[in-house]
Amino acid sequence: MNQDQLKQAVAKAAIDYIRPYLAKDTVLGIGTGSTANFFIDRLADLRGDFAGAVASSEATAERLKKHGIEVYDLNTVASLDYYIDGADEADANLALIKGGGAALTREKIVAAVAKTFICIADGSKKVEVLGNFPLPVEVIPMARSYVARQIVKLGGDPVYRQGVVTDNGNVILDVHNMQINHPVELEIALNNIVGVVTNGLFAARPADVLLLGTVNGVETLKP
């Protein structure tokens, strides 16, 4: 199976996971990226079984609308039963690196509201130690150079993601060459730098379930 086929498999597994619990008033949280897109395309077949979704990016909102799925403003929703999204890396405790698509802040907000965070990923995303994938940090534009200097003090090598502006109007620094042995502590330290909006470590609020696509089928992992 190629990578797209593995993503298709985990998207189907996520549909099967949530299908029994959908109700007419259910609002889902939906992430951003290629794996999430496969999930959205499959979710379209169930659009009459739930109320709608909160999108973690403008791109996701547009894809949901094209499938006839109602998109809710998160401020109008008290809670979300499920948040379904991909990841760039995941460890054994289901701490994640996310943000390759520059939607990390909205993704983290939606994940915080959800009762259950289901991460869907192909097997290549499972790692022993986070950090091979550069860690995205969303930064207020005027603070970019200052934040970069502070990240260097923490041992990282920040690189400005040229030409990328987030849905929130901010910029991204991708932090290379960090072996992240203590993801919760690093997540807090980065977020405490003035000018940082948030970073792509989902460790303080990790995934609750990881559906991992492998050549031997979809594995269901929990912390």
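Because the structure is predicted, anything quoted here is derived from the model rather than measured. (Residues numbered from 1 in each chain as written. Predicted model: local features only at pLDDT ≥ 70, side-chain atom pairs only at ≥ 80, totals over all residues. Heavy atoms only, no water.)

Student: Can you help me understand the overall build of the protein chain in this one?
Tutor: Helix and strand counts for the protein chain come out as 6 helices and 13 strands. Against the globule reference of 17 Å for 223 residues, the protein chain gives a C-alpha radius of gyration of 17 Å, in line with a compact fold. C-alpha atoms of the protein chain, sized along the principal axes, occupy 50 × 40 × 30 Å. The buried share among the 223 residues of the protein chain stands at 52%. Within the protein chain, contacts between residues separated by at least 24 positions form 74% of all contacts whose residues are at least 6 apart in sequence. (Helix = DSSP H or I, 4+ residues; strand = E, 2+ residues; numbered from the N terminus. Rg over C-alpha atoms; globule rule 2.2 N^0.38 Å. Buried < 20%, exposed > 50% of the residue type's maximum accessible area, 1.4 Å probe, protein only. Contact = heavy atoms within 4.5 Å.)

Student: Help me understand the pairing of strand E3 (residues 80-85), please; the structure alone is not making it clear to me.
Tutor: Here is the key point about a regular strand: its side chains alternate between the two faces of the sheet. Among the 6 residues in E3, 5 count as buried, and that is most of the element. Bridge analysis of E3 against strand E6 (residues 114-122) gives 5 bridges, and the strand direction is parallel. Bridging across to E6, Tyr82 finds its partner in Thr116. (Pairing = 2+ DSSP bridges.)

Student: So what exactly am I meant to see when it comes to the pairing of strand E9 (residues 171-176) here?
Tutor: Among the 6 residues in E9, 5 count as buried, and that is most of the element. Sheet topology note: the strand E7 (residues 135-139)/E9 ladder contains 5 bridges and is antiparallel. The residue bridging Leu135 from the neighbouring strand is Val175, located in E9. Two elements, strand E8 (residues 157-160) and E9, share 4 bridges in a ladder whose sense is antiparallel. Of the residues in E9, the one forming a bridge with Asp157 is His176.

Student: In this structure, what is going on with the pattern of salt bridges? I would like to understand it.
Tutor: Two side chains that carry opposite charge are able to pair once their charged atoms sit near each other. Throughout the structure, instances matching the rule amount to 12 salt bridges. For Lys65, the salt bridge identified is with Glu62, shortest N-O distance 4.0 Å. Residue Lys65 and its partner Glu62 are located together in helix H3 (residues 58-66), separated by 3 residues, close to a single helical turn. Using a relative accessible area of 49% as the deciding quantity, one classes Lys65 as partly exposed. One salt bridge connects Asp85 with Lys98, and the closest N-O pair in it is separated by 2.6 Å. Highlighted residues: Asp85 in strand E3 and Lys98 in the loop between strand E5 (96-97) and helix H4 (104-113), separated in sequence by 13 residues. Salt bridges sharing partners connect three or more residues here, namely Lys12, Asp16 and Arg19. (Salt bridge = Lys/Arg side-chain N within 4 Å of Asp/Glu carboxyl O.)

Student: When you look at H3 in this model, what are you seeing that I'm missing?
Tutor: Turn by turn, an α-helix covers 3.6 residues, leaving residues three or four places apart pointing in a common direction. When we look at burial in H3, the residues that qualify are Thr60, Ala61 and Leu64. Relative to the axis of H3, the buried residues are bounded by an arc of 100° and lie together on one face. Turned more than 90 degrees off the buried face of H3, the exposed positions are Ala59 and Lys66. Turning to H3, the residues buried within the fold contact strand E1 (27-30), helix H2 (34-43) and strand E2 (52-55). Positioned one or two residues after H3, Gly68 has a phi angle of 80°, which is positive. (Arc of directions from axis to C-beta.)

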